[in-house]
Structures are given as structure tokens and as C-alpha cells.
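Chain by chain, the residues:
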Amino acid sequence: MMKLIHESPKHESSMTLGENLKRLREAAGLSQGELAVLARLNLKMVQRIESGEGDTGVSKIKALVIALGCTADELLFDEDELGEDGDLKIMFEQMRQLEGQERQICKEVIRALIMQHQNRELLRKV
């Protein structure tokens, strides 16, 4: 089984896969046990991955991504490794998967926020 190790030569303080997993799990309001159930992994495996001891194959990464509703990039990379707009890139990639009305609503919300910002800028100049 292939072992994925999250290390970046650019960033000495990069978070590990386990640290990212814990951060995302806690942000989702899940216990390790709840995540294990959702990802169809045993609790010991989730604990080992979070502690950096687990052998994390691609199938486990996929299961965790699905269970957390995040992208593999969010799980594997730090925000600074994704760049200043990395979170936006991830969200736009996720939006591409939406269909019909959900996708249209996202576009309308973004347009409304941009228009609101532009109006504020115009009023500030007056």
C-alpha cells in the first residue's frame, strides 16, 4: 500500500496530514468516532492518522474526504501552500460540481457581493 506523507520542502512549519485531519474534523463538529463511522474506517485508524502513525493509502484519503465533505487539497495542504486564494480555488472547484439551481444561486450570491463591494467603493469616492 502506498504511504502518503505530507511534507513540503518550502514550509518548515507545514501542518501534517494528521493535523489537517484533526482541524477539519473539529471544524465539522465531529468526534474521531463519528468520523470513523462516516468514513467507514475503524476508530483506531482515524486516531493513528491524526497522530501521524497511520499508513494512509489513497482509499483512506478518499473515504476521509467524502466523510468530511472537503477536497483532497484541503486535507493534504496547508492554506499557505495553496496560495493566497487557495480557499477560493477550492470553493470554485466544488461549485463546478453543482448543477442547475444550486449553481445558479452560487453565481447570484457572488454577483451580489461583488456589486455590493463596488457600490461601497463608489460611495466612498463621492
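Here, the structure is the one placed above.
Residues numbered from 1 in each chain as written. Predicted model: local features only at pLDDT ≥ 70, side-chain atom pairs only at ≥ 80, totals over all residues. Heavy atoms only, no water.

Caption draft 1: Expanded view of a nonpolar patch on the surface. A grouping of L88, M91 and F92 is seen on the molecular surface, where their side chains present a nonpolar patch of about 270 Å² in accessible area. Summarising the element assignment, L88 is placed in helix α6 (residues 86-95). On the basis of relative accessible area, L88 is assigned to the partly exposed category, the value being 37%. (Patch = residues over 30% accessible without salt bridge, like charges linked within 9 Å, V, L, I, M, F, W, Y side chains within 5 Å. Areas by Shrake-Rupley, 256 points an atom, 1.4 Å probe, with all protein chains shown as cover. Salt bridge = Lys/Arg side-chain N within 4 Å of Asp/Glu carboxyl O. Helix = DSSP H or I, 4+ residues; strand = E, 2+ residues; numbered from the N terminus. Buried < 20%, exposed > 50% of the residue type's maximum accessible area, 1.4 Å probe, protein only.)

Caption draft 2: Up close: the packing of helix α1 (residues 17-27) against helix α4 (residues 58-68). Running from N to C, α1 and α4 cross one another at 20 degrees; their axes reach a closest spacing of 11 Å. Put simply, α1 runs roughly parallel to α4. By crossing handedness, the relation of α1 to α4 is classed as left-handed. On α4, the residues touching L17, L21, L24 and R25 of α1 are I61, L64 and L68. A breakdown of the residues in the contact of α1 with α4 according to their chemical character gives 6 nonpolar, no polar and 1 charged. (Axes fitted to C-alpha atoms, helices over the stretch in contact; angles between N-to-C directions. Parallel < 35°, antiparallel > 145°, perpendicular 65-115°, else oblique. Left-handed = near helix turned anticlockwise from the far one by under 90°. Contact = heavy atoms within 4.5 Å. Nonpolar A, V, L, I, M, F, W, Y, C, P; charged D, E, K, R; others polar.)

Caption draft 3: Local environment of α4. The complete set of buried residues in α4 reads K60, I61, A63, L64, V65, A67 and L68. Summarising the contacts, the buried residues of α4 are in contact with α1, α2 (32-39), α3 (43-51) and α5 (72-76). Once α4 finishes, G69 follows within two positions and takes phi at roughly 65 degrees, a positive value.

Caption draft 4: Region of interest: the nonpolar core. Counting 20 residues, the largest nonpolar core has L21, L35, L64, L68 and L75 as its most contacted members. Secondary-structure elements contributing two or more residues to this core are α1, α2, α3, α4 and α5. If one sorts the elements of this core by residue count, α4 sits on top with 6 residues. (Core = buried A, V, L, I, M, F, W, Y, C linked by side-chain atoms within 4.5 Å.)

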